[in-house]
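Coordinate analysis (summary)
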Amino acid sequence: MQLLVFVLAYPFLWLISILPHRLFYGFSDLIFILIYHVIGYRRRVVESNLKLVFPKKSIEERKRIEKEFYKHLCDSFLEMVKTMNLSKEAVAKKYDIQNVELIQEIEKEKSILVVCSHYANWEWNVSLNNYVKSKGYAVYTKINNTYFDSWSRKVRARWNTTLITQQETVKTIVKNKRDGIKGIFGMVSDQSPQVSRSQYWKEFMGIRVPIINGAETLARKMDLAVVFLKVSKVKRGYYKAEFSTITANAPSTEKGEITDQFIKLAEQQIYERPEHYLWTHKRWKHRGKEAQRAQVLAKKSK
């Protein structure tokens, strides 16, 4: 069944990927009508998230953000498909990296962990590997359909990127160190962790929730430089990326320092243009459960 789905879907995806700019985004407009007005994909989740995060905004303003978000969501999905036939020259025009020299300077000394949030276009972040000497990796979650998972790996490989799971990350870094290979590891770090595994709680967009601190733990343990990637949507189909160093010496940082700085930078980005954040994600579903988690930990310690 997985093979059948892939065989049926692949020609359609390939056709979409070669559409010229106007037709490509015209098709995205049609998808928006279907997803937003007909299917209503996760509209309740989006409405709830926006009301939770922006209680002082009017209903009309939240509705505007909601509609703009869904238009951007459709663009983002199709831009992911576009990747399969997007050349290095083409992506360089659409995804403008402002200060790649910051990464180029740090990679002379050590491996780098590039962290970002589900904002704007995180799919084309891997084009960074067209400008650096270090081996590029993207930490990802496997796709259930093995054929699509394999296809996804091949597409990223065109831009010198190797996909690895979270479980493979430490092993890969250790092996690279042993072999004298520097790497750049990209990680989207604003997901919502399971309460049972949560180790760190903090306000995100004004709401106290569990925060994934795996990037910080990894950086401090493996001595990785940590760089935040801010992506902004300039206009439809065009983005700019800017890097800022969180730390070049992770082992010397205080516990929570790297994670707190990441959250601060991610929040600033969302407040600037909230319509470009991934509001369909149930990011705040574990709010109010910190005491429950503390009780569980207390029982285990007895």
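This write-up is about the structure you can find in this document. (Residues numbered from 1 in each chain as written. Predicted model: local features only at pLDDT ≥ 70, side-chain atom pairs only at ≥ 80, totals over all residues. Heavy atoms only, no water.)

What about helix 10 (residues 257-272)?
The end-to-end C-alpha distance of helix 10 is 23 Å, a good match for the 22 Å that 16 residues give at a rise of 1.5 Å each. Within the sequence span of helix 10, burial applies to Ile 258, Thr 259, Phe 262, Ile 263, Leu 265, Ala 266, Glu 267, Gln 269 and Ile 270. The inward-facing, buried residues of helix 10 abut strand 2 (112-116), strand 6 (201-204), helix 9 (214-222), strand 8 (225-235) and strand 9 (238-247). (Helix = DSSP H or I, 4+ residues; strand = E, 2+ residues; numbered from the N terminus. Expected span 1.5 Å × (residues − 1). Buried < 20%, exposed > 50% of the residue type's maximum accessible area, 1.4 Å probe, protein only. Contact = heavy atoms within 4.5 Å.)

Comments concerning the pairing of strand 5 (residues 183-188)
Most of strand 5 sits inside the fold, with 5 of its 6 residues counted as buried. Two elements, strand 2 and strand 5, share 5 bridges in a ladder whose sense is parallel. Bridging across to strand 5, Ile 112 finds its partner in Ile 184. Sheet topology places strand 3 (residues 135-139) next to strand 5; 4 bridges connect them, and they run parallel. In the sheet register, Gly 136 faces strand 5, and the bridge partner there is Ile 184. (Pairing = 2+ DSSP bridges.)

What to know about helix 9
Among the residues of helix 9, Ala 215, Glu 216, Leu 218, Ala 219 and Met 222 are the ones counted as buried. Down the axis of helix 9, the buried set is contained in an arc of 165 degrees. They therefore lie on one face. Buried residues along helix 9 sit against strand 2, helix 8 (166-179), strand 5, strand 8 and helix 10. Following helix 9 by one or two positions, Asp 223 adopts a phi angle in the positive range, close to 55 degrees. (Arc of directions from axis to C-beta.)

Read these as geometric descriptors, not functional statements.
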